[in-house]
Amino acid sequence: MLGRILFFGAGVAACGSSGGALAQDAIPAGGDEETPAIVVTGSKLGSDPQRQARSLQILSSEDLASRGIQDVAGLAKVVPGLTFTRSTYGVPVYSIRGIGYFDNSLTAPPAVAIYIDEAPLPYSALSTGAALDLATVEVAKGPQGTLFGQNSTGGAINFVSAKPTDRLSVGLSSDIDSFGQFTNEGFVSGPIAANLKMRLSASYERGGDWQESDRTGEKRGGKDLLIARLLTQWNPAHNLDVLLNINGWRDRSDTQAGQLVTLRGASPPLPQGVQGHPAGVRSNRLADWSDDGAFARDADYYQAYLRVFYRLENLTLTSITSWQDLSRDDTSDSDGTNFQLLQSRTPGRVSIFSQELRARLEQGPVKWMVGGNFQRERVKDELALTIKDSSFPFDAIQTKTRHRNRSWAVFANLEVDVTDRLTLEGGGRYTDERRRFQGCSYDGGDGSLAAYVGRVATTLSGTTVNIPAGGCVSLSDRLLPAVTHTEFSDRNWSWRAGLKWSLHPAIMLYANVSRGQKSAAFPTVAGTVASQFAPAKPETVIAYEVGAKATGLGGRVRISAAAFHYDYRDKQVRGKTIDPNIGPVGALVNITRSSVWGGEVTVDAEPLKGVDLAAGMNLTSSSILGPFLAYDAYGRRRDLGGEPFPLTPKWQLFGNVGYRRTVGSGGSEVFVGASIKYQSGTNADLGEIAALYLNPYAIVDLRAGVTVNGSWTVQAYVTNVADQKYGTFTSTVSPDVNVRFTGMPRTFGLRASYRL
């Protein structure tokens, strides 16, 4: 019933507007979207990141729309230091300044925390619908956790939803691109009764088969994604705000197929057809997949959260209660061929409850905040692989894991204005968490894997080991199949200290040092040895940052610059280990010591009426320190010391220019714009293997349109104008092939929207 309510009327589309702030404590108490009232936890951000003593970027809905950002992946086009990719099985991975966590598991806890209106999305796979009908997106860089939410080492992304309005407001838009993808979005918002307002938003994406088989010419890759949200805001008193958010999404889109890059010289040899299959870096469109299955997502997600904000003179109290549930059963073909070298099915279920309470008090020059939260998770994560044509001596394997996690934390933050120009800040967090795990890999049902592992175990142990078809094949230290049961508990401190100095009303300098920690992680891997389920222990980062922010020309020019150094301990990475039965397989690895240093600059300017300019640069230099003996992506044991992190480009450059001009007397406008993103090359995995190198690339997007009477807008656009060939990831999950996942090719589109 909930799903029917959420998804009713999903063929319409939304445009959001208003300002927001990271660690936002109050929702708009009334009025229109253009005049929200905001109170900030721990420090007053308002909608101006220029007054915040940390690296913070806030993008309004207008910023996102004008630059063509329609989903969470698009943020990597406009936020220096942020990268986005998907794993072999489609799990989203966010990284900021080289701090990220790449894993194929549904249960991979991210290094970059994700929120909707400060309600946590503990796993990246939950973020699919986060970009619907937004007011702002806030990206904070560096360790987080002393103001609200979760511990993180890389940063935080908070999606602030557009809130209900005081008067009736309606927005609709429709988009069609050159691959035939239709995107329809809409919202309706307004008062329902005295002190009660609602906002219903929805979007639906359908079609767009952009991938083409380089063998048959068949096409796939289309979307079938429905997202909906219902906000109800109640103001029973002038100092009490209650917001109920019920949202969800349903995804039946095609999963992306891979592009075969190289064969790995498998033994025994692969089928003859694989040897002659097209390979190498080719057009972004070209890929291949098996003819015997439809490979698509099958995921449903629901969330409900209740936010209560109460003000009593200088004291504000906030409560956020959240429940969310995800069920999925995705299938994908990730080997880049029409053979069954690596086909996967990933059933899973996530159920999460969280509660957070905060209190904030302002007493003259002193502002303090205390809070705490609790979170409980129940997760089922499975991985079923079909590998009939591969070099493995069996046809299928299925891994089943179960997770029961519990955590609680208390945190506090203090801000003192020592003078009218100098402010000192400090915060701390104590976290107690427990993660329980059970898991095993199972025979695929035909008995081939059970027989193979049974023979190996019998030979090694000297005792007959019989494993039934479909049985557990993960061997314990006693060389007997057994389900692994284990638990990891951790108690840790995170903290932050800093200062900001107003050198001039338009110039601020700041410096801070902080410590963040990321939770331990258990893998969902295919393996026949129980030790492969060992967790990666928590990682920690001590971050040092100095920066300057300046505003000029009456607020029409805004400049932000920062330099940073991260001392990284026990970085979690997806690496390899050697399964004595089947060879190199995926495993979680801790890099003992590593470091990141760099800097970034962003500039936003309106030098002339109607002209908008934005530019950004990020330098991130990462390095594994000292000797570090581990297995590279091909399963060869080597010293990886001195290498940069995988999927961490050293340089990122961004630029955007827009021009608007009023025509006629009815408020109509014409506009044009262009944006560019450059990213330097990086390797997709450990070992700096040439076949896994992702080349540098530059993407240029163009747009032009007209707005009539401030209500109707028609826009034409083209993305990736030069049809740049570029990869987002190269997978080595299969021991037989390297498979490249590509970015979108050149795409033309037309978008029309209406707003009342």
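To be clear, the structure that these remarks concern was listed above.
The rules behind the values
- Residues numbered from 1 in each chain as written.
- Predicted model: local features only at pLDDT ≥ 70, side-chain atom pairs only at ≥ 80, totals over all residues.
- Heavy atoms only, no water.
- Helix = DSSP H or I, 4+ residues; strand = E, 2+ residues; numbered from the N terminus.
- Rg over C-alpha atoms; globule rule 2.2 N^0.38 Å.
- Contact = heavy atoms within 4.5 Å.
- Core = buried A, V, L, I, M, F, W, Y, C linked by side-chain atoms within 4.5 Å.
- Buried < 20%, exposed > 50% of the residue type's maximum accessible area, 1.4 Å probe, protein only.
- Patch = residues over 30% accessible without salt bridge, like charges linked within 9 Å, V, L, I, M, F, W, Y side chains within 5 Å.
- Areas by Shrake-Rupley, 256 points an atom, 1.4 Å probe, with all protein chains shown as cover.
- Salt bridge = Lys/Arg side-chain N within 4 Å of Asp/Glu carboxyl O.
- Pairing = 2+ DSSP bridges.
- Phe/Tyr/Trp six-rings, centres within 6.5 Å; stacked < 30°, edge-to-face > 60°.
- Expected span 1.5 Å × (residues − 1).
- Disulfide = S-S within 2.5 Å.
- Polar contact = N/O pair within 3.5 Å; in protein donor to acceptor, adjacent residues only side chain to side chain.

### Describing the overall build of the chain
The helix and strand tally for the chain stands at four helices and 40 strands. Relative to the 2.2 N^0.38 estimate, which gives 27 Å for 756 residues, the radius of gyration of the chain is 26 Å and therefore close to what a compact globule would have. For the C-alpha atoms alone, the extent of the chain along its principal axes is close to 80 × 55 × 50 Å. When contacts within the chain are restricted to residue pairs at least 6 apart in sequence, those whose partners lie at least 24 apart make up 68%.

### Considerations on the nonpolar core
Counting 41 residues, the largest nonpolar core has Leu 75, Val 137, Ile 157, Phe 159 and Leu 326 as its most contacted members. Setting aside residues up to four positions removed in sequence, Val 137 forms contacts with Gln 57, Ile 58, Leu 59, Leu 64, Leu 75, Ile 157, Asn 158 and Phe 159. The next biggest cluster of nonpolar side chains, apart from the first, holds 22 residues, and it includes Ala 521, Tyr 568, Ala 630 and Phe 645.

### Section: a nonpolar patch on the surface
Taken together, the side chains of Ile 176, Phe 182, Val 663, Val 670, Val 706, Val 708, Trp 712, Val 714 and Leu 750 make up a nonpolar region of the molecular surface, amounting to roughly 700 Å² of accessible area. Those elements that place two or more of their residues in the nonpolar patch are β36 (697-708) and β37 (712-719). Among the structural elements, Val 670 can be located in strand β33 (residues 668-679). The class of Val 670 is partly exposed, set by a relative accessible area of 34%.

### Some remarks on the sheet that holds strand β13 (residues 219-220)
One open sheet accounts for three strands, arranged β13-β12-β17; its pairing is mixed. Either end of the sheet is taken by a strand with one partner, and the two such strands are β13 and β17 (286-287).

### Section: the packing of aromatic side chains
What describes a pair of aromatic rings is the distance from one ring centre to the other and the angle between the planes of the rings. For the structure on display, the rule yields 15 aromatic pairs. Aromatic pair Tyr 115 and Phe 148: ring centres 4.9 Å apart, planes at 50°, arrangement tilted. Linking Tyr 115 in strand β5 (residues 112-116) with Phe 148 in the loop between β7 (134-141) and β8 (155-161), this pair joins segments that are 33 residues apart in sequence. According to the relative accessible area criterion, Tyr 115 is buried, its value standing at 1%. Judged by its relative accessible area of 6%, Phe 148 falls in the buried class. Relative to Tyr 452, the ring of Phe 394 lies with its centre 6.5 Å away and its plane at 40°, an arrangement referred to as tilted.

### Here's the deal with helix α4 (residues 448-461)
The end-to-end C-alpha distance of α4, which contains 14 residues, comes to 20 Å, matching closely the 20 Å that a straight helix rising 1.5 Å per residue would cover. Along α4, the residues that are buried comprise Leu 449, Ala 450, Tyr 452, Val 453, Gly 454, Val 456 and Ala 457. Of the surrounding secondary structure, the elements contacted by the buried residues of α4 are β22 (396-417) and β23 (422-443). Positive backbone phi, at 75°, marks Gly 462, one or two positions downstream of α4.

### What about the state of the cysteines?
Under the criterion given, the structure shown has one disulfide. Note on cysteine connectivity: Cys 440 is disulfide-linked to Cys 472, with sulfurs 1.8 Å apart. What sets the handedness of the Cys 440 and Cys 472 disulfide is the S-S torsion sign, and at about 85° it is right-handed. Taken together, the residues Cys 440 in strand β23 and Cys 472 in the loop between α4 and β24 (484-504) connect sequence positions 32 residues apart. Of the residues examined, Cys 472 reaches a relative accessible area of 13% and is grouped as buried.

### A word on the side chain of Lys 141
Within the element layout of this structure, Lys 141 appears in strand β7. The class for Lys 141 is buried, based on a relative accessible area of 6%. Within the structure, the side chain of Lys 141 is placed 2.6 Å from the backbone oxygen of Pro 80, a separation counted as a polar contact. At 3.0 Å, the side chain of Lys 141 forms a polar contact with the side chain of Glu 600. Every residue in contact with Lys 141, bar those within four places of it in the chain, is listed here: Ser 55, Gln 57, Val 79, Pro 80, Ile 96, Arg 97, Gly 154, Gly 155, Tyr 566 and Glu 600.

### Description of the pattern of salt bridges
Evaluation of the coordinates by the stated rule reveals 40 salt bridges. Across the pair Arg 250 and Asp 224 runs a salt bridge whose closest N-O atoms are separated by 2.8 Å. Placement of Arg 250 in strand β15 (residues 240-251) and of Asp 224 in strand β14 (residues 223-237) is noted, with a sequence separation of 26 residues between them. With relative accessibility at 22%, the residue Arg 250 sits in the partly exposed group. In this structure, Glu 487 and Arg 436 form a salt bridge, with 3.0 Å as the shortest nitrogen-oxygen distance. One end of the pair, Glu 487, is in strand β24; the other, Arg 436, is in strand β23, and 51 residues separate them in sequence. Members of the salt-bridge network, linked through shared partners, are Arg 97, Lys 141, Glu 545 and Glu 600.

### Quick look at the pairing of strand β28 (residues 583-605)
Two elements, strand β27 (residues 557-579) and β28, share 22 bridges in a ladder whose sense is antiparallel. When the sheet's bridge partners are listed, Arg 574 is paired in β28 with Leu 588. Judged from the 12 bridges that link them, β28 and strand β29 (residues 611-624) form a sheet pairing that is antiparallel. What sits directly across from Val 596, in β29, is Ser 622.

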